[in-house]
Each structure stands twice: as C-alpha cells, then as structure tokens.
Amino acid sequence: MTEPRPHLDEALPVDERVELLLAEMTLREKAFQLTSVAPWYFHEADGAASPRLAQTLEDSPGHICNFGVDDPASMADIVGRLQRAMVENSRLGIPLLVHTEALNGFLAGGHMVFPTPTGLAATWSPELVAEMADVIRQQMTRVGVRQALSPNMDIALDPRWGRVHETYGEDPYLVAAFSVAFTQGMQGPTLSEGVIATAKHFVGYGLPEGGINLSGYEGGPRRTRDLFAFPFEAAIQDAGLASVMNSYSGIDGVPAAASSAVLTGLLRDTLGFSGFVSSDYMTLDHLVNRQGAAQTPGEAGRLAIEAGLDTEFPLPFGYGDALITEVEAGRVDLAHVNASVRRVLAAKFRLGLFEHPYPCKSIDLGAAAAEGTELSRELARRSVVLLENDGVLPLDPDAGQTVAVIGPHADAVTYQFATYSYPAFREMTTFMTSGGMGNMVGVDPEMAAWNERVFSNAPVEDYVREHLGARSLVEAVADHAGRVVTAPGSSLTRDLGDDALAEAVAAAESADVVVLALGGASLWFNGERTEGEGSDSADIALPAAQVRLAEAVAATGRPLVVVLTQGRAYTLPTVVQDASAIVLTSYNGPFGPTAVGETLFGENTPNGKLPYTIPRHGGQVPIFHHQRSGSGYRNPLPPDVAELYLDMPATPLYPFGRGLSYTEFRVESLEATASFGTTGSARIACTVGNVGDRAGVAVPQLYLRLTGSGVSRPAQQMAGFARVPLEAGASARVEFTVDAAQLGYTDLAGDFVVDPGEVGIFIGFDSADEQVVGSATLTGTKRPLRADERVFRSAVAVERR
C-alpha cells in the first residue's frame, strides 16, 4: 500500500506543502522541474510510447512546451495522456504545467482568433480585452493548459522592429491598462480557476538597438524603471501577475537572463514580484551561441539561476543535466535551485494541479469554436481608425455605386492573421514539416515529425474560411455596394507587371469610388511579409510596389479611399496622404475586413484611436508623444529657425491617440482642483459634447505635464481616458480622479518619489489636441513611494446630461 504523501494534504498552507515536497526531491528532480520538454518526449502523435519515455519519467520535467493541434478534444486527449504518464508513473507524481501562447487567442485549433494586440489597443477598451482573456482562460483550462506565455507588455518605441504588432503600443499608461486587464481576465477570480499569465519581455525589449529583434536595449535605470517596467509593475500590483518572461536583450551589455540586477533587484525587490520567471525560448543557448556571455551550457545555467531565472524553455540546455553538474562541482549553490523550485511548485499548488491535473473528459467542439465570436467581431469594429476624411465617407449603400477594391489586401484573407495567431502558427509548422527552414526563435526541429501527423496540409486560407468564417475585403464591400470590381495591382512588396497594373487602373476607371487596400503582413518566415518576429525593416516606408500602384490608380481621378492594414507605423507617400479618406486597421482576425466594410458604408461609426505615433519619415525614429522635455521634437526652436529639421517638420504625421469619427466632438469647461498634496488627489473634469448629426463614441484623453528637480521628465504623460458614447447633440461630464501616487518618478538621487510642483493639464482627442488647458499645484513635501503604494490608473466617472 502506498504511503500517503503529506504534501497532498489540501488543508495545509501552500508554503508548507512546497517545503514537504521539496524535501523529498532529488537534485535531478529539482533540476528538471525547472525545464520543459516537448510532448513527443512522452509519446508519439499516434499514442505510441516515445523511446525517451523512461528517461523522461526519471528526470521528471516540470513543464510541457508549446504545441498545437486542430481541435480541443485532441488537445485535451494529449494533455491528459501527458499528465497520466507523469502523475501515475514518475516517482513523486508531480503534475506537469503545460504552456502555450495566447496573445490574441488560444494558440490551438478550434478556438476563436481576436485582433492582434495593436488592434486591441486601438479599441481603447481594456474591459473588452479582459473579457477576451476570460474566454481564453476557460478554453485553456478545459484542455488542461494552465500557463499562457502572454501578454506582451513591451512598450514599442521603434517601428522598424517587426514585433510592434504584438504589443499594446507606445504609451505606458495605455499598455498598463491593457496588461492589467489581460492578466485579470486570464488568471481569473482565483488562480485555482485560472491560467497563469506570463508578462513579456522583461525589460526594455520594445526599443532594440537598430530596431533589430533580439538586440540590446541601451537604457539607464531611470528610464527602465519609470517607463519600460511600468506595465509590469501595474500588473504585479493590481492583478497579482504570476509569471514574467525575460527579454532576450542585453541591458547595458548584460543579458537580462544573466542579470540579478534586473530579475531580482528590479523585478522582485523593487517591483514586488513574487511569482516565477519563465525563460523565453532558448534563452540559455543565446547566452552561449549568440551573445557570447557564457562559454558552456553549464556556465549559462549558473549565471541564469543565480540571476533569478526560474525555468528553461523549451528544452533543457543550461538547466537539467548541465545544472546538476554545476551543483555537484560546487559552482552553483543548491539554495538557488531550491528557490526556483519553490516558486514553480507554489504555482502548481495554487493552480490546483495536484488535486485536478486532468483536462475535461468531454468537450462540445461546436460550442468551443463559437466562444468569443461576437466579442472578436466587436473588437474588430472598435479597432478601425479613421485618419482622414474629406466627406467621401461613409459611402451610401443605397446609391448603387460601383466600388473598385484594389491592392494586395483586396482579396486577401490570411493577412489578417499575424504571428502568434493559430493560423499563422499552423502555417509555419506545416511549412517546416514540408522542409522549410526559417528564423523564428525557439523552433524545435523535432516537432516536424509530430506535426506531420497532427496537421493536414490544407492551405491556411481554406482553414480560416472553414473554421473561423474569415472573409476578404472584397466580399465585405460587396455586402453593401451596388457592384464591386477588383484587381490586386501588386503584391505586398513586388510589382506584378504591366498587365496587372493596367488591370488595376481599368478597374478604377470603371468605378465610382476606389478603395485602395494597402499595408503589410506579419509572418514568421514562410511567405511574403513586412512584419513579424525576426522580420524587421530598415525602411518603414510603405513598400515601393504599393506606392507605384497607388500613384497609377490615383491618376484616374476617381475618389480614393485608402485602407491601410498594418501592425506598426509605416511612413506614407504623398499619394496616400492626399487621398479623400484614410482608414487604418490592424491584423484583426476573421472579422477585420467585415468591420472595415461596415465602417466604409456607415454601419459602424469609427471610434478607434492610434496606439502609436506615425512619423513623417523614417529618419524621425524613434518618435513618441512622451519624449522628454527638451528632447526630440519636444525641443524648442532655435532663434530664426522654422523647423527642427531642415527638410521637414519634426512633428509626427499623425500623433498618438488620433482617430476621427463620422460625427464631431468637442471638449469644454475644464475644472481642476487648484492644489493637492503629495498624499492627496486631484479631480479634473470637462464636458464632452457631440456637436455632429449622428451618434458616436468620444474618447477624451487626459495629459499632464510634470517637472522634476534635476531630472527632465516626459514633456507630457497620459493620465486617463474614457470611452463616452453620445447621441447627436448630447453631452456628458467626464471626471478624472488623479491620485498623487500616479505621479511618481526616479529623482536625481535615484529614489522613486512624488515631488511637489506645478502640474500642467490638457484634455483632447489625441496627444496633440489641447482642447482645454489648465494647471494645478502639487503641494507638500517629497514623498517616497514603494511599488505597493503606487496608483496606476485614474478613476473615471461619466455623467450624461
């Protein structure tokens, strides 16, 4: 008869259960508890036992790395078999923690896909992202996957970087709002009902040197804490964030994974993080083979475990056997290993994995596939941003017009699914299985044999149409227009020849109005693309082939509506800037084109807002609205100088927060607390009115200007926003309560404080729109501020009149 194991007593506190189990573990079991392996280390896709099974059970790895299949029932079956093997056949029966990506949908087939994160951010609706994450949470728990390697909390400041679309944009306040919402939705009311959210990439990953993925981040401690760490700190303090993933970058020359200053000093000691740190894929391999910061796997493992990196994904390199060798040789103190194992075990106990390691036995595939459908549709609608409109929009659906939809996005469906969506993942893995090789970080070549059995070779377009109901922009416009003609004219980056260009021009000439569907695409390495992981750009201009197409079509003289589908800023040629209307949308999943079609014809009144700045020229990069006073385009003009650049204005083409509507809004009547103490709060209010002739959603944005003693602070920082639906002629009073604890910064002495001083105030509809302006005085003495004393968002109250 098996003796009862004390750590299985649910009545005991988690910390006590952890210590009881840790005392039973061998060094091998500890070293491998910090690693993940692939499912084929246990069994093949057909269910046959893997030749590695006996060794894997002896090692007792703690985690299963990312994998995908086309339906939830198959996923649940695989996870169930993995857990039974470990729980029932390993010495201690410690359940596995299975992880996957969930950036904008569960990265497994049979589930809804949502807009990519810059598309989510353009909605300015964090409450809907909390709903999205809650849907994903339920889908993941159903199949036994209890860690999401999401969300991406990077603040993206360089549009050359191909991963901008994975982020919530450039503004720390906006990124934090979405990061907290996602974390709360994913982790659920308690972690026993939730999925661990993993915030990435800590820290500074959104400003890589040269805009090149994996490159170093050259930032000092003030910028790191005050700016790039802000969303992580908000999620730690306001949402109980359970895991953080390291950045691949070096920070001042020290890789984040080897930096105790970053992973322990900043993350734990300063920000108050108590969860476990997840390794980004192949991080320790990078220390040796890319960054040259370690000479052997064992040295990489030693540096990482001492820095505070708790796990190694996707396969053992510097942990596992290499870490055992380091401990036995006396080069690594076992206390470091024990500390990381404690954190991993505590997470498993809090998830309830020891009591409930297995997935659901039965899954309604139809119901699972339908979950989140209307939410995805609404997010796509809210994400549409109107940048320009001379009155051509909305088009009249009753006019019987012929609309020409021209461009590489006209009849494309798959471009709506960016990297880290399941269709893109599926396309990448099937491409690899067929012999393709590429540059996605962390791809395990051994997955090819598994994927060959798991996935069919059906084209990704067939998959997204059949399983997700995806449609093209041509089809969406045809729902409303009298007649539609179409031609691609060019590919994303290539001319298609004179005949194709002539066909596009002829289509334009036959139409009453032209919808020119331009933009980019995000893929890993398996197709024509302008964005994606490992797909960075020195030139952020709209590709030349699309510019030539636009110029040829514009020469017809037909009214031109440009629809830009993109995940990051592109610089726009004159022909696009001169269009009658410009509509911007992101990679918004199956309902992206439908939302654009509804917007073009007035069924959806646009209310999306840019989550990033669009520069006039790539030479302005990096450009963002919260540049420091006296820096970048926030510099004052020298005497007798008209512009900061000789050849163009230094200001953005379109500022952060820009987004028009089919109606007009106005901000009036600023009210602000005259003074408030460093331990108090200020009330800042205004009246927002719809002065147009149709209903719409106003998005007033509050910006503050603060000064520091001996430190240049951002020229402005967003401190609040609200979405206010208003009927034509209606108005509402919007009141923001700003706590002084929102206004902290790192002072000249290196302390995080709230300083007294003057506070400039403006409210408008984008970061350059000063519709009402005022000030307040922050009084009292300098106030030191701990992470747990900070306030990260303003309270907002809306009173309709």
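Note that this is a predicted model, so its numbers are computed, not measured. (Residues numbered from 1 in each chain as written. Predicted model: local features only at pLDDT ≥ 70, side-chain atom pairs only at ≥ 80, totals over all residues. Heavy atoms only, no water.)

1. Quick notes on the overall build of the chain
Each helix and strand in the chain was counted, giving 24 helices and 29 strands. Projected onto its principal axes, the C-alpha positions of the chain cover 85 × 65 × 50 Å. Taken across its 801 residues, the chain has 62% of its residues classed as buried. Pairs at least 24 residues apart make up 79% of the contacts formed inside the chain by residues separated by at least 6 positions. Put simply, the chain shows about 27000 Å² of open surface, and 48% of that area lies on carbon and sulfur atoms. Separation of charge centres in the chain, based on 58 positive and 97 negative side chains, amounts to 4 Å. (Helix = DSSP H or I, 4+ residues; strand = E, 2+ residues; numbered from the N terminus. Buried < 20%, exposed > 50% of the residue type's maximum accessible area, 1.4 Å probe, protein only. Contact = heavy atoms within 4.5 Å. Areas by Shrake-Rupley, 256 points an atom, 1.4 Å probe, with all protein chains shown as cover. Lys, Arg positive; Asp, Glu negative; His and termini not counted. Charge placed at Lys NZ, Arg CZ, Asp CG, Glu CD.)

2. Some points on unusual backbone geometry
The omega angle of the peptide bond from S150 to P151 is 10 degrees, so this bond is cis rather than trans. As for its placement among the helices and strands, P151 is situated in the loop between β4 (147-148) and α7 (172-187). In this model, L393 is joined to P394 through a cis peptide bond whose omega is 0 degrees. Examined against the element boundaries, P394 turns out to sit in the loop between β10 (385-389) and β11 (402-406).

3. Let's talk about a nonpolar patch on the surface
A cluster of nonpolar side chains, namely L637, V641 and L644, defines an oily patch on the protein surface of about 220 Å² accessible area. Among the secondary structure elements, L644 is positioned in the loop between α24 (592-600) and β16 (665-672). Look at L644 and you get partly exposed, because its relative accessible area is 33%. (Patch = residues over 30% accessible without salt bridge, like charges linked within 9 Å, V, L, I, M, F, W, Y side chains within 5 Å. Salt bridge = Lys/Arg side-chain N within 4 Å of Asp/Glu carboxyl O.)

4. A look at helix α14 (residues 334-351)
The α-helix winds at 3.6 residues per turn, so residues separated by three or four positions along the chain end up facing the same way. End to end, α14 covers 26 Å across 18 residues, agreeing with the expected 26 Å (1.5 Å per residue, within 8%). When α14 is considered as a whole, its buried residues turn out to be V337, N338, S340, V341, V344, L345, A346, A347, K348, F349 and L351. For α14, the N-terminal capping position is held by D333, with its side-chain oxygen 2.9 Å away from the main-chain nitrogen of A335. (Expected span 1.5 Å × (residues − 1). Polar contact = N/O pair within 3.5 Å; in protein donor to acceptor, adjacent residues only side chain to side chain.)

5. Topic: the nonpolar core
In this structure, F42, M186, F202, L393 and L600 are the most contacted members of the largest nonpolar core, which totals 180 residues. Once residues lying within four places of it in the same chain are set aside, the contact partners of L393 are L386, V561, A581, V583, L600 and Y662. Among the nonpolar cores identified, the runner-up in size contains 37 residues, and L387, V576, L610 and I614 belong to it. (Core = buried A, V, L, I, M, F, W, Y, C linked by side-chain atoms within 4.5 Å.)

6. Topic: the sheet that holds strand β14 (residues 560-565)
Here we have six strands laid out as an open sheet, ordered β10-β15-β14-β13-β11-β12, and mixed in their pairing. This sheet does not close on itself; its edge strands, each paired only once, are β10 and β12 (483-487). Across the sheet, the mean angle from the axis of one strand to that of its neighbour is 20 degrees, orientation sign disregarded. Note that β10 and strand β15 (residues 581-585) share four bridges and pair antiparallel. For N389, the partnering residue across the bridge sits in β15 and is A581. On the sheet, helix α22 (residues 544-554) packs against β11, β13 (513-519) and β14 and is oriented at approximately 175 degrees with respect to β13. (Pairing = 2+ DSSP bridges. Axes fitted to C-alpha atoms, helices over the stretch in contact; angles between N-to-C directions.)

7. Some details on the side chain of T311
Here T311 is to be found in the loop between α12 (297-307) and α13 (321-328). Among the residues examined, T311 registers a relative accessible area of 0% and is labelled buried. Engagement of the side chain of T311 in a polar contact is seen with the backbone nitrogen of S279, the distance being 3.1 Å. Those residues in contact with T311 that sit more than four places away from it in its chain are L34, H63, F276, V277, S278, S279, Y319 and V344.

8. Remarks on the sheet that holds strand β24 (residues 745-746)
Strand order in the open sheet formed by three strands is β24-β25-β28, and the pairing between neighbours is antiparallel. Looking at strand neighbours, the two that pair on one side only are β24 and β28 (783-784), the edges of this open sheet. Here β24 pairs with strand β25 (residues 752-754) via two bridges, running antiparallel. Counterpart to T746 in the pairing with β25 is F752.

9. Considerations on the packing of aromatic side chains
The full count for this structure, using the stated rule, is 17 aromatic pairs. Between F67 and W450 the ring centres are 6.1 Å apart and the planes differ by 80 degrees, which places this aromatic pair in the edge-to-face class. Here F67 is found in the loop between β2 (63-64) and α4 (72-89), whereas its partner W450 is found in helix α18 (residues 447-454), with 383 residues between them in sequence. Neither residue differs from the other here; F67 and W450 are each classed as buried. When the ring of Y217 is compared with that of F228, the centres are 5.1 Å apart and the planes differ by 70 degrees; the resulting orientation is edge-to-face. Here Y217 is found in the loop between β5 (196-202) and α8 (221-228), whereas its partner F228 is found in helix α8, with 11 residues between them in sequence. (Phe/Tyr/Trp six-rings, centres within 6.5 Å; stacked < 30°, edge-to-face > 60°.)

10. Some words on helix α9 (residues 230-239)
Within α9, eight of the 10 residues are buried, which leaves it mostly tucked inside the rest of the structure. Turning to α9, its buried residues are F230, P231, F232, E233, A234, A235, I236 and A239. Residues of α9 that are buried in the fold lie against α7, β5, α8 and α10 (260-270).

11. Focus: the pattern of salt bridges
For the structure shown, the criterion picks out 40 salt bridges. For R163, the salt bridge is made with E533, and the minimal N-O distance between the two is 3.3 Å. Note that R163 is positioned in the loop between β4 and α7 and E533 in the loop between β13 and α22, a separation of 370 residues in sequence. Overall, the relative accessible area of 1% leaves R163 in the buried class.

12. Quick notes on the environment of Q83
Inspection of the secondary structure puts Q83 in helix α4. Looking at Q83, the relative accessible area reads 0%, which means it is buried. With 138 residues separating them in the primary sequence, Q83 and P221 have C-alpha atoms 43 Å apart. What Q83 contacts, discounting residues up to four positions off in sequence, is E88, P95, L96, L353, P357 and Y358.

13. Quick word on the environment of L241
Its place among the elements puts L241 in the loop between α9 and β6 (243-246). Sequence-distant contacts of L241, defined by excluding residues within four places in its chain, comprise M153, T183, Q187, A197, A199, F232, A235, I236 and F273.

14. Observations regarding the packing of α8 against α9
Between α8 and α9, the least distance of the axes is 5 Å, while the angle of their chain directions is 50 degrees. It follows that α8 is oblique to α9 by the angle criterion. Here α8 contributes R225, D226, L227 and F228 to the contact with α9, which in turn contributes F230, P231, F232 and E233. In the contact of α8 with α9, the residues fall into five nonpolar, no polar and three charged. (Parallel < 35°, antiparallel > 145°, perpendicular 65-115°, else oblique. Nonpolar A, V, L, I, M, F, W, Y, C, P; charged D, E, K, R; others polar.)

15. A few points about the pairing of β15
Of all five residues in β15, five are buried; the element is thus mostly enclosed. The two faces of β15 match: A581, V583 and T585 on one face and I582 and L584 on the other face are all buried. Relative to β15, β14 is paired through five bridges, and the arrangement is parallel. Looking across to β15, one finds that T565 is bridged to T585.

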